[in-house]
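Listed below are the residues making up each chain.
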Amino acid sequence: DAGVTQSPTHLIKTRGQQVTLRCSPKSGHDTVSWYQQALGQGPQFIFQYYEEEERQRGNFPDRFSGHQFPNYSSELNVNALLLGDSALYLCASSPGPRDYGYTFGSGTRLTVV
Amino acid sequence: AQKVTQAQTEISVVEKEDVTLDCVYETRDTTYYLFWYKQPPSGELVFLIRRNSFDEQNEISGRYSWNFQKSTSSFNFTITASQVVDSAVYFCALSGAAWQFYFGTGTSLTVIP
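Sequence order as written defines the numbering, with residues in each chain counted from 1. All chains are assigned letters beginning with A, and all ligands numbers beginning with 1, in the order in which they are written. Two thresholds apply to this predicted model, a pLDDT of at least 70 for residue-level local features and 80 or more for giving and counting side-chain atom pairs, whereas whole-chain, interface and lining totals are computed over all residues. Water and hydrogen atoms play no part in the side-chain values, which are based on all heavy atoms of the structure.

Peer 1: Looking at this structure, how should I read the sheet that holds strand S1 (residues 5–7) of chain A?
Peer 2: Paired through their backbone hydrogen bonds, the strands of a sheet run either parallel or antiparallel. All names here are of chain A. Taken in spatial order, the four strands line up as S1-S3-S8-S7 in an open sheet, and their pairing is antiparallel. With one partner strand each, in any of the chains shown, S1 and strand S7 (64–68) form the two edges of the open sheet. Along the sheet, successive strands turn relative to each other by an average axial angle of 20 degrees, direction set aside. In this analysis, strands are considered paired if DSSP registers two or more bridges between them. Runs of H or I in DSSP of at least four residues are treated as helices and runs of E of at least two as strands, each being numbered from the N terminus. Between N-to-C directions, angles cover 0 to 180 degrees, with each direction set by a line fitted to C-alpha atoms, over the stretch in contact for helices.

Next comes the structure, spelled out in structure tokens:
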């Protein structure tokens, strides 16, 4: 049973560019949450998607947006990249929006130069 | 406001020693959940335990044990007879009425053989 799959695993982008990160949830999970983990820090909640809608959002600017597809997979988009966006981006899926049975992926390491 | 503090940034122990990782939290919610996650070098967050605010019973699972004390807002984690495979970053997290995770900054544990 595959867990949460994220792609790509590593990415290097230039300031000002746009990036799209992808996440396939664990089988049976319909809710996807995204977290940003800066080096040496704990993960910070970006947003949660359920039924193809953004249900909750953390303290992140509008440059961060997302999407959920009918098959429950999700994308995280970041526009106008800043050096400070360099981080590990973690995707977590769960069986519902208020279910703590989270499974985390291994993340996408984004480096902005 | 929700906040989790892990004052220990890095800990090194010799194999077979016991080690306790500290976690102090702040919340105004009356109902909340506390978690511990392990993050190995591969990056994914591995779930260890969840506790709700109404259950202050300590728990033991193999070499792991957790001490939850509402009076001091602490949820400490002890590894008995540590092993090299325990080397990782450990995160304490809190979730309240908003159903978002608030992570601490993590404690990096190194077990020396």
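Peer 1: Mind showing me how you'd approach the interface of chain A and chain B here?
Peer 2: Note: interface size is frequently given as the accessible area lost on complex formation between the parts. On the side of chain B, 20 residues touch chain A, which itself brings 19 residues to the contact. Buried area: the sum, over both parts, of the accessible surface (1.4 Å probe) that disappears when the two are put together. Contact with chain B buries area across many residues of chain A, yet Arg98, Tyr100 and Phe104 of chain A alone supply 42% of it, more than any other trio. Salt bridges are counted wherever a side-chain nitrogen of Lys or Arg sits within 4 Å of a carboxyl oxygen of Asp or Glu. For the pair chain A and chain B, the interface holds zero salt bridges. Polar contact criterion, stated in full: a pair of N or O atoms within 3.5 Å, where within protein one must be able to donate a hydrogen and the other to accept it, and residues adjacent in sequence count only if both atoms are side-chain atoms. Scanning the region where chain A abuts chain B turns up three residue pairs in polar contact (both at pLDDT 80 or more). Two residues form a contact once any of their heavy atoms are found within 4.5 Å.

Peer 1: Got a minute to help me understand the pairing of strand S8 (residues 64–69) of chain B in this structure?
Peer 2: For a regular strand, the rule is simple: side chains alternate between the two faces of the sheet. All names here are of chain B. A 1.4 Å probe rolled over the protein chains alone gives each residue an accessible area, and that area as a share of the maximum for its type sets the label: buried under 20%, exposed over 50%, partly exposed in between. The alternating pattern of S8 places Tyr64, Trp66 and Phe68 on a buried face and Ser65, Asn67 and Gln69 on a face that is not buried. Note that strand S7 (residues 59–61) and S8 share three bridges and pair antiparallel. Bridge pairing in S8 places Glu59 opposite Trp66. Connecting S8 to the antiparallel partner strand S9 (residues 74–79) that follows it, the hairpin turn spans four residues, and Ser73 within it adopts a positive phi of roughly 50 degrees.

Purely geometric numbers; function is a separate question.
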